[in-house]
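# Descriptive analysis of the structure
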Amino acid sequence: MLRYQVGDDPQKVLISKSLIMNIETTDIIDAGVNAYKNGHLKEAVKHFKQVLVRAPDNPEANFNLGLISVNSGDLSQSLSFFKKAIKAKPKVGRYWVSYIDALIRLGHIEDARDTLQQLKQKGSAHKNLDALTLRLNASQPKDGLVSAEFNKLSEADEGNYTPLSVEDAIDL
């Protein structure tokens, strides 16, 4: 435990407290990831929500809760978590890819296309953008229905959502 004394530089004290909070937050996120990987979904959610109590805009906690929402079938809820992660760290590619994928799964094809186009215009070259483009091209945007080919592509990557630790971030 760090001890501070009268006369300590306030800037150094603030930096030290901030560093400790970041380390604790990373430890909690890692505990959530490990709980999820070991099949303890409720425990994982508890850890990620614990982070959000301290830091509501924490991108990793929001992202991982988004992934858990996708896996639990609550795609609408996943969108809000992914949006918060993107807002906090807009250059992390996997946040965008997961958001676009959730839009596709919900049948929000035009929104997914628009978002994907924006990313491409910004020069993003994330490895999964081509796969998302293929899925979008196989879709039928009218009436929110998708083609059989699109459903095959979507089913092929079912279960690929695993929460990742902070170190696994892929930048755009």
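The model shown is predicted, which means the values in this text are computed figures rather than measured ones.

Moving on to the packing of aromatic side chains. Per the stated rule, a full pass over the model turns up two aromatic pairs. Geometrically, the ring pair formed by phenylalanine 63 and phenylalanine 82 is tilted, given 5.9 Å between the ring centres and 45° between the ring planes. Of this pair, phenylalanine 63 sits in helix α3 (residues 59-71) while phenylalanine 82 sits in helix α4 (residues 75-88), and the two are 19 residues apart along the sequence. Taking the relative accessible area as the measure of exposure, phenylalanine 63 reaches 2% and is therefore buried. The class for phenylalanine 82 is buried, based on a relative accessible area of 0%. Through a chain of ring-to-ring contacts, three or more aromatic side chains come together here, namely Phe63, Phe82 and Tyr95.

Ranked by internal contacts, the top residues of the largest apolar core, which has 24 residues, are Phe82, Ile100, Ile104 and Leu132. Among the secondary structure elements, those contributing two or more residues to this core are α3, α4, α5 (93-106), α6 (109-121) and α7 (129-137). Ranked by the residues each element gives to this core, the list is headed by α5, at eight residues. Core analysis: the next-biggest nonpolar cluster, separate from the first, contains 13 residues, Val51, Leu52, Ala61 and Phe81 among them.

This part is about the pattern of salt bridges. Within the structure shown, the criterion is met by five salt bridges. Note that glutamate 60 is salt-bridged to arginine 94, the shortest N-O span being 2.7 Å. Here the residue glutamate 60 occupies a position in helix α3, and arginine 94 occupies one in helix α5, the gap between them amounting to 34 residues. Of the two residues examined, glutamate 60 and arginine 94, each falls in the buried class. Arginine 105 is the salt-bridge partner of aspartate 101, the closest N and O atoms lying 2.5 Å from each other. Of this pair, aspartate 101 and arginine 105 both sit in helix α5, four residues apart, which is roughly one turn of that helix. You can call aspartate 101 buried: its relative accessible area is 4%.

On to the confidence of the model for the protein. Here the protein averages 75 in pLDDT, while 67% of its residues score no lower than 70. When pLDDT is averaged over each element of the protein, α4 comes out on top at 95 and helix α8 (residues 148-156) at the bottom at 43. Residue range residues 1-6 is modelled with pLDDT below 50. Its contacts to residues more than four positions away, or to other chains, number six contacts. A low-confidence stretch, residues 141-172 (pLDDT under 50), is modelled with 72 contacts involving residues beyond four sequence positions or located in other chains.

Taking 1.5 Å per residue, 13 residues should reach 18 Å; α6 reaches 18 Å between its end C-alpha atoms and fits that length. Burial in α6 covers these residues: Ile109, Ala112, Thr115, Leu116 and Leu119. Viewed end-on, α6 has its buried residues packed into an arc of 130°, placing them on one side of the element. Considering only its buried residues, α6 is in contact with α5 and α7. Glycine 123 sits one or two residues past α6 and shows a positive phi near 90°.

What counts and what doesn't
Residues numbered from 1 in each chain as written. Predicted model: local features only at pLDDT ≥ 70, side-chain atom pairs only at ≥ 80, totals over all residues. Heavy atoms only, no water. Phe/Tyr/Trp six-rings, centres within 6.5 Å; stacked < 30°, edge-to-face > 60°. Helix = DSSP H or I, 4+ residues; strand = E, 2+ residues; numbered from the N terminus. Buried < 20%, exposed > 50% of the residue type's maximum accessible area, 1.4 Å probe, protein only. Core = buried A, V, L, I, M, F, W, Y, C linked by side-chain atoms within 4.5 Å. Salt bridge = Lys/Arg side-chain N within 4 Å of Asp/Glu carboxyl O. pLDDT = per-residue confidence, 0-100. Contact = heavy atoms within 4.5 Å. Expected span 1.5 Å × (residues − 1). Arc of directions from axis to C-beta.

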